[in-house]
Every structure is written in C-alpha cells, then in structure tokens.
Amino acid sequence: MKIEKIFTAQAKAKGGRDGQVTSEDQVLNLALSTPKAMGGPGKAGATNPEQLFAAGYAACFEGALGVAARQAGVKLEGVTVEAFIGFGKAEDGGYGISADLHVNIPGVEQGQAEQLVEAAHGICPYSRATRGNIDVALTTTTNPA
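Because the structure is a prediction, the values reported are computed rather than measured.

Cut-off values and rules
Residues numbered from 1 in each chain as written. Predicted model: local features only at pLDDT ≥ 70, side-chain atom pairs only at ≥ 80, totals over all residues. Heavy atoms only, no water. Pairing = 2+ DSSP bridges. Helix = DSSP H or I, 4+ residues; strand = E, 2+ residues; numbered from the N terminus. Axes fitted to C-alpha atoms, helices over the stretch in contact; angles between N-to-C directions. Contact = heavy atoms within 4.5 Å. Core = buried A, V, L, I, M, F, W, Y, C linked by side-chain atoms within 4.5 Å. Buried < 20%, exposed > 50% of the residue type's maximum accessible area, 1.4 Å probe, protein only. Patch = residues over 30% accessible without salt bridge, like charges linked within 9 Å, V, L, I, M, F, W, Y side chains within 5 Å. Areas by Shrake-Rupley, 256 points an atom, 1.4 Å probe, with all protein chains shown as cover. Salt bridge = Lys/Arg side-chain N within 4 Å of Asp/Glu carboxyl O. Lys, Arg positive; Asp, Glu negative; His and termini not counted. Charge placed at Lys NZ, Arg CZ, Asp CG, Glu CD. Phe/Tyr/Trp six-rings, centres within 6.5 Å; stacked < 30°, edge-to-face > 60°. Lys NZ or Arg CZ within 6 Å of the ring centre and 35° of its normal. Disulfide = S-S within 2.5 Å.

### What about the sheet that holds strand β4 (residues 80-89)?
Reasoning step 1: Read from one edge of the open sheet, three strands run β4-β5-β6, paired in mixed fashion. On the outer flanks of this sheet lie β4 and β6 (136-141), each paired with one strand and no other. The sheet shows a mean angle of 15 degrees between the axes of neighbouring strands, direction not considered.
Reasoning step 2: In this sheet, strand β5 (residues 95-104) lies alongside β4 in antiparallel orientation, the contact comprising ten bridges. In the sheet register, Thr80 faces β5, and the bridge partner there is Asn104.
Reasoning step 3: The sheet contacts of helix α1 (residues 49-72) involve β4, β5 and β6, and relative to β4 the element is tilted by about 140 degrees.
Reasoning step 4: Across the face of the sheet, helix α2 (residues 110-123) comes into contact with β5 and β6 while running at roughly 150 degrees to β6.

### Section: the nonpolar core
Reasoning step 1: By size, the foremost hydrophobic cluster in this structure holds 24 residues, and its most contacted members are Tyr57, Phe61, Leu65, Val103 and Ile105.
Reasoning step 2: Counting residues per element, the ones that place at least two in this core are α1, β4, β5 and α2.
Reasoning step 3: Of all the elements, α1 adds the most residues to this core, at eight residues.
Reasoning step 4: Apart from the residues lying within four places of it in its own chain, the contact partners of Val103 are Phe61, Leu65, Thr80, Val81, Val117, Thr139, Thr140 and Thr141.

### Considering a negative patch on the surface
Reasoning step 1: Residues Glu91, Asp92, Asp100 and Asp135 make up a contiguous surface patch of negative charge.
Reasoning step 2: Locating Glu91 in the fold gives a position in the loop between β4 and β5.

### Observations regarding the packing of aromatic side chains
A ring pair, where both rings are aromatic, is described by two values, the distance of the centres and the angle of the planes.
Reasoning step 1: With the rule as written, the count across this model stands at five aromatic pairs.
Reasoning step 2: When the ring of Tyr57 is compared with that of Tyr126, the centres are 5.4 Å apart and the planes differ by 25 degrees; the resulting orientation is stacked. Separated by 69 residues along the polypeptide, Tyr57 in helix α1 and Tyr126 in helix α3 (residues 125-130) bring together distant segments of the chain.
Reasoning step 3: Owing to a relative accessible area of 30%, Tyr126 belongs among the partly exposed residues under this scheme.
Reasoning step 4: Chaining the aromatic ring pairs together yields one cluster made of Phe53, Tyr57, Phe61 and Tyr126.
Reasoning step 5: Its guanidinium or amino end placed over the ring of Phe87, Arg17 lies 5.1 Å from that ring's centre, counting from NZ or CZ.

### Regarding the state of the cysteines
Reasoning step 1: Counted by the stated rule, this structure contains zero disulfides.
Reasoning step 2: Cysteine Cys60 remains unbridged, with the sulfur of Cys124 as its closest cysteine sulfur at 3.6 Å.

Here you go:
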C-alpha cells in the first residue's frame, strides 16, 4: 500500500540489542540491553526493542481510539491502553512477536467499548501494519479510572 507521507520519524540504532538508539532530534537517546529472559545481561536503566514497540503501539492505538470515539459521537475520559509485546520462537524456527492490547474505557457500556476498540483496530497504523503478520489479541474493559 502506497501512502502520502505527512511525517517521517528517524531513529538510529548502533550496537544492536545491547547498543544505543537515538532519534534525529536527540529527544530519544536510550541504552539498549537484551533482557535476561532472552539470555542477555538485562542492564538496569536500559530498554529493548519490544518495550519501544509496546510504547509506540499503545500510544498510537489510544490515538486511533480517540478517532473512533469522535466518529461515533462518544466522549472518552480516563482511557488507558497497555500493550504487551511477546517475543519468541515462530513456527518456522525463526523468531517472532505477538501483541496483546488491554484497553480500558471507563464510563462506557461494555458492548460499545468493544465496538470502539474494534473500530480503533481498523484505524490504527500499527494495527494495520501488523494485520496478518503477527497475532494481536484485544482485551476491552470498562473499569473506573
């Protein structure tokens, strides 16, 4: 699918999973460390690609949820999106990731909340990019904020 670019983010990685990532504007300047669960050193104060993906997906999905809510004429307050990105062995012997998104929409009826989450899943660029490529599970709750 070809898109008309509105914005391009740029980041540079050096040193792989145990290196450094920086954004062009230096707002991001983060040390990376392979988690101990993956056989790495798990250095304190360092992040990893899966955490960065989780943060981006969660933020993007909440933005898409706002679009879906506006389209449906629903006012949202106190929404949270928590992304869990799993890393593991794929069926073909390589490695892969999965995503579990836990979306909490306080003050909205459960059925409507689920409809909004499904609509957001259709809107979110991360969801669109991963569709058919990784397993994405959606959990919707309506717990008070």
